[in-house]
Amino acid sequence: MLTSTYIHIPGIGKTIEKRIWESGHCQWDEYLEHQDCISIPATRKERIEKGIIESKDHLAMRDFEYFANCLPGAEHWRAFEHFSDSVAYVDIETTGLSANSSCITVVGIYDGKDAKTYVKGIDLDDIVEELEKYELLVSFNGARFDLPFIKHEFPEINFNQLHVDLMYPLRRIGLTGGLKAIEKKLGIQRTDDTVDITGFDAVRLWHEYERGNEESLDLLLEYNREDIVNLETIINKTYTQFSERTFEKTLGK
């Protein structure tokens, strides 16, 4: 989808992008070959050609920061296919909803192979170094909650990556509600131990652990691991629908 994207080019909006898609020459290379027959002002064509060449260079260099900066935040998902080999699925547990009055208890990071959980009072500080390894982050409601919460506690972290907050593209294909509700709609099963756990239970489990119940921490970590692993399952199940819905909506199909 990224190589059919034009709205990241300065001065190019959805109207021009739509015209390119309507021409049937969606991909960057197709546009360069057939731009003479696409009904766009000459000045815009020059800008698009320059933007494509620049974009191809940055993509070849895996310059994720370039695309993170020039793509609208709601469209970062378009880059997923190209940077999914350097992805961190991220989810946090906290003692409350406000970063000003609550704290992070657990941060889960899954790279598609290994699920790592970092715990307050044990190794939570290690997330600073860990998060620097990735070019793309995937979360659910992370733009409003997880990443700002992490930034509040660890201001030294520079979130310069691409960030796919799944909540928004999922809404575009009709999948609304919380993460657990969406999992059910997609047929994603949780273990018997965690299936009924909510965010409020996560807070309770943490306080039980603080009072000396190690089993409560084990359950909390299992719950968090399922969150991050399921994020990968969700995006793999729905990514094609994101692209199809974007084209359909833009082209009025």
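What counts, and where the lines are drawn
- Residues numbered from 1 in each chain as written.
- Predicted model: local features only at pLDDT ≥ 70, side-chain atom pairs only at ≥ 80, totals over all residues.
- Heavy atoms only, no water.
- 1 Å grid on protein atoms, 1.4 Å probe; cavity = no way out; pocket = protein on both sides within 12 Å on 5 of 7 lines; lining within 4 Å.
- Points joined across faces, edges and corners; volume = space filled by probe spheres on them.
- Helix = DSSP H or I, 4+ residues; strand = E, 2+ residues; numbered from the N terminus.
- Nonpolar A, V, L, I, M, F, W, Y, C, P; charged D, E, K, R; others polar.
- Pairing = 2+ DSSP bridges.
- Axes fitted to C-alpha atoms, helices over the stretch in contact; angles between N-to-C directions.
- Contact = heavy atoms within 4.5 Å.
- UniProt positions renumbered as here; feature names shortened; annotations may be inferred.
- Parallel < 35°, antiparallel > 145°, perpendicular 65-115°, else oblique.

Turning our attention to the layout of surface pockets. Within this model, the largest pocket holds a volume of roughly 600 Å³. Together, 24 residues line the largest pocket, and Ile92, Leu97, Phe145, Gly199 and Tyr223 are the ones closest to its centre. Contributions of two or more residues to the lining of the largest pocket are made by β1 (87-94), α7 (142-153), α8 (167-172), α9 (179-185), α10 (199-210) and α11 (214-251). The computed volume of the second largest pocket comes to approximately 280 Å³. Around the second largest pocket, the lining comprises 13 residues; the ones closest to its centre are Lys14, Arg172, Thr246, Lys249 and Thr250. Those elements that provide at least two residues to the lining of the second largest pocket are α1 (14-23), α8 and α11. The element that contributes the greatest number of residues to the lining of the second largest pocket is α11, accounting for 5 residues. Residue composition of the lining of the second largest pocket, grouped by class: 3 nonpolar, 2 polar and 8 charged.

Strand order in this open sheet of 5 strands is β3-β2-β1-β4-β5, and the pairing throughout is mixed. Across the chains shown, the open sheet's two edge strands, defined by having one partner strand only, are β3 (115-119) and β5 (162-165). Sheet twist, expressed as the average angle between the axes of neighbouring strands with direction ignored, equals 25 degrees. In this sheet, strand β2 (residues 104-110) lies alongside β1 in antiparallel orientation, the contact comprising 6 bridges. Residue pairing for β2: aspartate 91 is matched across the bridge by glycine 108. Packing of α11 onto the sheet brings it into contact with β1, β2, β3, β4 (136-139) and β5, and relative to β1 it is tilted by some 145 degrees.

Sequence positions flagged by UniProt for "domain: YprB ribonuclease H-like" (unreviewed entry) are, in local numbering, residues 88-238. Taken end to end, residues 88-238 is 44% helix and 18% strand, and its first and last C-alpha atoms sit 18 Å apart.

This part covers the packing of α1 against α11. Axis separation between α1 and α11 bottoms out at 10 Å; the angle between their running directions is 100 degrees. Taken together, α1 and α11 sit at an angle that is classed as roughly perpendicular. Across from Lys18, Trp21 and Glu22 in α1, the residues of α11 making contact are Thr246, Phe247, Thr250 and Leu251.

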